[in-house]
Each structure stands twice: as C-alpha cells, then as structure tokens.
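Report on the structure
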Amino acid sequence: MDSLSRRTMITGGAVAVGSSAMAWAAGPAAAEESQGGEAQASTVLPGDPRYADLRTGSNQRWMGRPEYIRVAGTTAHVVQAVTEAVKAGRRVVARSGGNCFEDFVTSPDVQVVVDLSQMRAISYDRARRAIAVEAGALVADVYRTLFTRWGVVIPAGICQNVGMGGHVVGGAYGALNRLHGLAVDHLYAVEVVVVGRSGAARAVVATREPDDPNHELWWAHTGGGGGNFGIVTRYWFRTPGAKGDDPGELLPKPPPELLLHVQNWPWAGLTQEGFTRLVRNAGAWFEANSAADSPYNSLFSHLRLTHQAHGTVTLAAQLDATRPDAEKLMSDFTAAIGEGVGVAARQTQHRTVPWVHGVWWNGFAGTNPNDRAKYKSAYLRRGFTDDQIAGIHRNLTRADYQPHLGSMVQLAAYGGRVNTVGPEATAVPQRDSVLKVMFASVWQPPRRRRQAPAVDQGVLPRHLRRHGRRPRARRDDGRLLRQLRRRRPQRPAVERL
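Every value quoted in this text rests on a predicted model; they were computed, and no experiment measured them.

A few points about the overall build of the protein
Scanning the protein from terminus to terminus reveals 13 helices and 16 strands. Relative to its 497 residues, the protein shows a buried fraction of 51%. Looking at the protein alone, contacts between residues at least 24 apart form 72% of all its contacts between residues at least 6 apart. With the model as given, the accessible surface of the protein reaches about 24000 Å², and the carbon-plus-sulfur share is 50%.

Here's what the structure looks like:
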C-alpha cells in the first residue's frame, strides 16, 4: 500500500461490510475460492423460537432487532448472504460465538446477521501444511481438538465459549501468551468474504507469504478487529519457521500439566497503605519478570481488585507444573505480590491438573451471559503510580456505590513471548507491555415487580365469609392459600345419597 498506511487504515475506521464496497480488500485475484456445500442456509425471522437467542450475545445491554438472521453452514452460504444483503442495501454483520462486549452485532442499525456458529470444522490442510479452523469453532473446542489429535495448541483466550471468528482477528490473547505469544503470531492464512467495487461478494484467501497479492489483507486480520474488512470464515495456523508436514510439529505444545493457585486478601483489615503496596508489588514484579526467557514465562495470573462490597481481593495464577521448580516459583511469586500488605492472604486453591482440565478452570472465569456490562482495557508498560492506585482505591471503597460482584479493576499478566514480535509484524502494536488492565462495571437488569398469585376461587368465598374482605395481595399470598386449603374439610371418597 502506497498512499494508505496499514495503521491509518485500521485506526481511521474501516467500513463495515454491506455499507460500502471494500475495493482494497478485494483487489487482487483470490489465492483460492471456497467451494460450496449445502444448497441453502437457514433463515431465522422474528417470531422463530431461535430468533431470541441468536439476536443477542453475552452482554445483555443490547438486544439486536435484525430483519433476519442467516445461519450459514459453508463459506458459499456466507457469500450468498452477503451478496443478497449488499444488493438490498442492508447492513450485514457476522456472529461467531456471540461474545462481543460491545454492540457491534446487536446495534439497532444492523439489519442482517450472518451466524457462523455451525461452521466449527477443525482439520489438517496438507496442501498448506497448516491446521484449518472454521470461524464458528469455540475456543474450548479448538483447545481440546488440537491437543487430542496432535498434542499442540493455539495460544488463544481463557473464555471457553468465545468463537474463533471474532477472537483471532482481534489478536487473541490468553493464558499461554507469555509462553507462546498471541494466536495471530501463528496465523498462516485467513479466508474472508469481501465485497469489491462492483458490489459483488466473493471469498478470498490471504496468507502471510510476502509475495501473496492478498498479503495486506492477511496482515489486517492479525489484530485489526472483527468485521472491518469482511467476514472471516476460516483460519489456518502454522508457527513461523515450522518444518515438515507433521501437524504435531507445526504449532507449539502446551504444558502437560498446570499448577493452579488462588488466594484472597480480605478487605476487612486491608488499609489504603496495604492496598497500595499490593498493587505496587504486582506492577514491580511484572516489570522485572516479563522477559521471554524468564523462568516465569509460563506464568499467567489475574489480580482482581474488586469493590470492598465483594469482601476480598483475589489473585489467581497458573504455571507449567512440569518444571522441577514449579512449586518454588509459585511460592516466590505469591510471596512477592503479598509482601508488606499487612493482612494475611487466605489460600483457597492449590493443585495440579492436566492441561485440558485446566482450560475449564474457573480461576479465570469469564462473563455471565445474563449480565449487563461495560469493559475497557489498556496495556501497561509499567505498574500504576501511587496517585493512580489512590484513585482506584477511592472508587473501590466508595460507600455510596454498591456494585455487582463482577465490577472490578483486573491486572492480567502480559509480556514474555508476545514482546519478541515487532510492532509492525502484525496489526497488534502493543509489543512492549508487561500487564493488561481491564476496567469492568457489571450490573443486572432492573427486577420486575413480582405479581401476586391469582387467588384460588374455591378459597375466596370462604375467606370473604370469615373475614369480610378479599385477601390482601402480599408476598406471602402463596402461603396463605396453602394454609386455607389445608383447612378445607375433606369430602368422603363416596358421597351418601
């Protein structure tokens, strides 16, 4: 690209599919056109029992109202759906796992949703010497399948129900990043349905090969965000420099076992000085221990700074349990984080599990799909300053605010292998950070007023005769009715004439 830089294209705001033709994305001829499968996709309209589930995601702040939802089973289905939407002038977006924190899929101006959840195939592509993963595959499915079949891993996220379609294109960060980098650092190719100048949709494959005419499209999908350049239908993964055609040697291997640890500091007794020391300790530790060759490169952790109404501040961590010094590393780490805090931590978990079991561990629990939430993340090159920590403490101890238990400031481990990749090599420029912070505010929909149960018409006349009025509509109406029924005289099994 000559007149338009990579960063300008991404930060300037790319055009959503269906609202304008992406001439740049569909410029050169496709390296490979996808083949069709089933003859027709499924269309879900308002009123269909499936519509309520497919129109929303993991954040209940929004409920989409698309004109219809197209459930695709093949790339050809996606091409057809995009072609129809663009021709009709409708705004179309993609949904893979439904875990978007914002309203990119559920915005009121979205008219067509292409649901990719049934496109979950995972296979080895011998021609490309890469493992192919369709966009609807969930993170947990990918972990289990890759490990069971070939003993390898893609270093993706910690939320098991996230779809790969939107996850990878954002960079894909998780518990193995310090050890193996980001998922996009292992991305070899991507299949995308794009729209050209003519308004026609087609599938193209872009690879990381420098001479690929679609190379820039591949680069855009290494962190440029979901839906900005088209709809992703498939990824191919192979670690740069991997040799041979054995799929068990083309991607990194996860630790066979994980050492898991959770401990809590009670807010009761945690002074502002102790809180400051805790957060300062975390920043200093990761500044000193985030090199790719650090003995702690397999360590991942969350320090969850929850509101005092929650009762505790929590540290959850994992590392490679097969290291001979694993126990000492974990002990030294937790001691360094808690040094000088002034209140003793309570250990709630400390155990070793097989790696796949660790994928399902609740220590790094994800979101509740029945909540409403706002999340904002940032990358830290160094820990918070004391003034910043004071601001965090002030808001986490406010007495006039009683938040949901999921509201917090969370410090997550970063760095390691992630920082060995240059900032221009992918669309993820944050390659010198040591921590990732997430600010989360979570709440639930207002509770509806409970309706008093209908009064049993057989009980009502007796109540009127006894009390001279109708029963009051109270929360214990159900108990009142049960009591009155128990007092009802029992009729004999056979009435006498």
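Having seen the structure, we can now continue with the description.
Focus on the sheet that holds strand E7 (residues 187–195)
Backbone-to-backbone hydrogen bonds pair the strands of a sheet. The strands run either parallel or antiparallel. Spatial strand order, E5-E6-E9-E7-E8: five strands in an open sheet with antiparallel pairing. Edge positions in the sheet fall to strand E5 (122–125) and strand E8 (201–207), since each has one partner strand and no second. Adjacent strand axes in the sheet meet at a mean angle of 25 degrees when their direction is disregarded. Alignment of strand E6 (residues 130–134) against strand E9 (residues 231–237), held across four bridges, turns out to be antiparallel.

Details of the pairing of E9
Counting buried residues along E9, six of its seven residues qualify, which places the element largely inside the surrounding structure. Both E7 and E9 contribute to a ladder of six bridges, which runs antiparallel. Within E9, the position partnered with Glu191 by the bridge is Arg234.

So, the packing of helix H8 (residues 272–288) against helix H9 (residues 326–338)
What describes two packed helices is the angle between their axes and the distance between those same axes. One way to put it is that H8 packs onto H9 with a least axis distance of 7 Å and a crossing angle of 135 degrees. The orientation of H8 with respect to H9, classified from their angle, is oblique. Where H8 abuts H9, its residues Leu278, Asn281, Ala282, Trp285 and Phe286 lie against Phe333, Ala336, Ile337 and Gly338. Of the residues belonging to the contact of H8 with H9, the class tally is seven nonpolar, two polar and no charged.

As for the side chain of Thr314
As for its position among the elements, Thr314 is in strand E12 (residues 312–320). At 2.7 Å, the side chain of Thr314 and the side chain of Asn264 are in polar contact. Apart from the residues lying within four places of it in its own chain, the contact partners of Thr314 are Val262, Gln263, Asn264, His302, Leu303 and Arg304.

Comments concerning the environment of Val168
The topology assignment puts Val168 in helix H5 (residues 164–169). Taking the C-alpha atoms as reference points, Val168 and Gly225, separated by 57 residues in sequence, lie 8.7 Å from one another. Look past the residues within four positions of Val168 in its chain and what remains in contact with it is Val184, His221, Tyr235 and Phe237.

Some words on the pattern of salt bridges
According to the stated counting rule, one finds 14 salt bridges in the structure shown. We note a salt bridge from Asp400 to Arg398, for which the minimum N-O separation is 3.0 Å. Given a relative accessible area of 33%, Arg398 falls into the partly exposed group.

What about helix H4 (residues 139–150)?
A rise of 1.5 Å per residue sets the reference length of H4, with its 12 residues, at 16 Å; its end C-alpha atoms lie 16 Å apart and thus fit the reference within 8%. Among the residues making up H4, those that are buried are Val139, Ala140, Val142, Tyr143, Thr145, Leu146 and Trp150. For H4, the elements touching its buried residues are E5, E6, H5 and helix H10 (355–359).

Description of unusual backbone geometry
Backbone geometry places Arg129, a non-glycine residue, at a positive phi of 50 degrees. Looking at where Arg129 falls in the secondary structure, it is placed in the loop between E5 and E6. A relative accessible area of 25% places Arg129 in the partly exposed class. Positive phi values are uncommon outside glycine, yet Ala172 reaches one of about 65 degrees. One can find Ala172 in the loop between H5 and helix H6 (177–180).

Considerations on the side chain of Gln410
Mapped onto the elements of the fold, Gln410 is located in strand E15 (residues 408–413). Its relative accessible area of 10% is what places Gln410 among the buried residues. Side-chain polar atoms of Gln410 contact the side chain of His302, separated by 3.5 Å. Setting aside anything within four residues of it in sequence, one finds Gln410 in contact with His302, Leu303, Arg304, Lys436, Val437 and Met438.

Some words on the packing of aromatic side chains
Counted under the stated rule, the structure contains 13 aromatic pairs. Relative to Trp355, the ring of Phe147 lies with its centre 5.5 Å away and its plane at 50 degrees, an arrangement referred to as tilted. With a gap of 208 residues between them, Phe147 in helix H4 and Trp355 in helix H10 connect regions that are remote in the sequence. Residue Phe147 is classed as partly exposed on the basis of its relative accessible area, which comes to 29%. Of the residues examined, Trp355 reaches a relative accessible area of 4% and is grouped as buried. Taking the centre distance of 5.1 Å and the plane angle of 80 degrees together, the rings of Phe300 and Phe364 count as edge-to-face. With Phe300 in strand E11 (residues 300–306) and Phe364 in the loop between H10 and strand E14 (372–380), the pair connects residues that are 64 residues apart, well separated along the chain. Residue Phe300 is classed as buried on the basis of its relative accessible area of 1%. Judged by its relative accessible area of 5%, Phe364 falls in the buried class. Here the aromatic residues Tyr173, Phe300, Trp361, Phe364, Tyr379 and Tyr414 are joined through ring pairs into a cluster of three or more. One Lys or Arg, Arg128, reaches over the ring of Trp236 and ends 4.4 Å from the middle of that ring.

Conventions and cut-offs
Residues numbered from 1 in each chain as written. Predicted model: local features only at pLDDT ≥ 70, side-chain atom pairs only at ≥ 80, totals over all residues. Heavy atoms only, no water. Helix = DSSP H or I, 4+ residues; strand = E, 2+ residues; numbered from the N terminus. Buried < 20%, exposed > 50% of the residue type's maximum accessible area, 1.4 Å probe, protein only. Contact = heavy atoms within 4.5 Å. Areas by Shrake-Rupley, 256 points an atom, 1.4 Å probe, with all protein chains shown as cover. Pairing = 2+ DSSP bridges. Axes fitted to C-alpha atoms, helices over the stretch in contact; angles between N-to-C directions. Parallel < 35°, antiparallel > 145°, perpendicular 65-115°, else oblique. Nonpolar A, V, L, I, M, F, W, Y, C, P; charged D, E, K, R; others polar. Polar contact = N/O pair within 3.5 Å; in protein donor to acceptor, adjacent residues only side chain to side chain. Salt bridge = Lys/Arg side-chain N within 4 Å of Asp/Glu carboxyl O. Expected span 1.5 Å × (residues − 1). Phe/Tyr/Trp six-rings, centres within 6.5 Å; stacked < 30°, edge-to-face > 60°. Lys NZ or Arg CZ within 6 Å of the ring centre and 35° of its normal.

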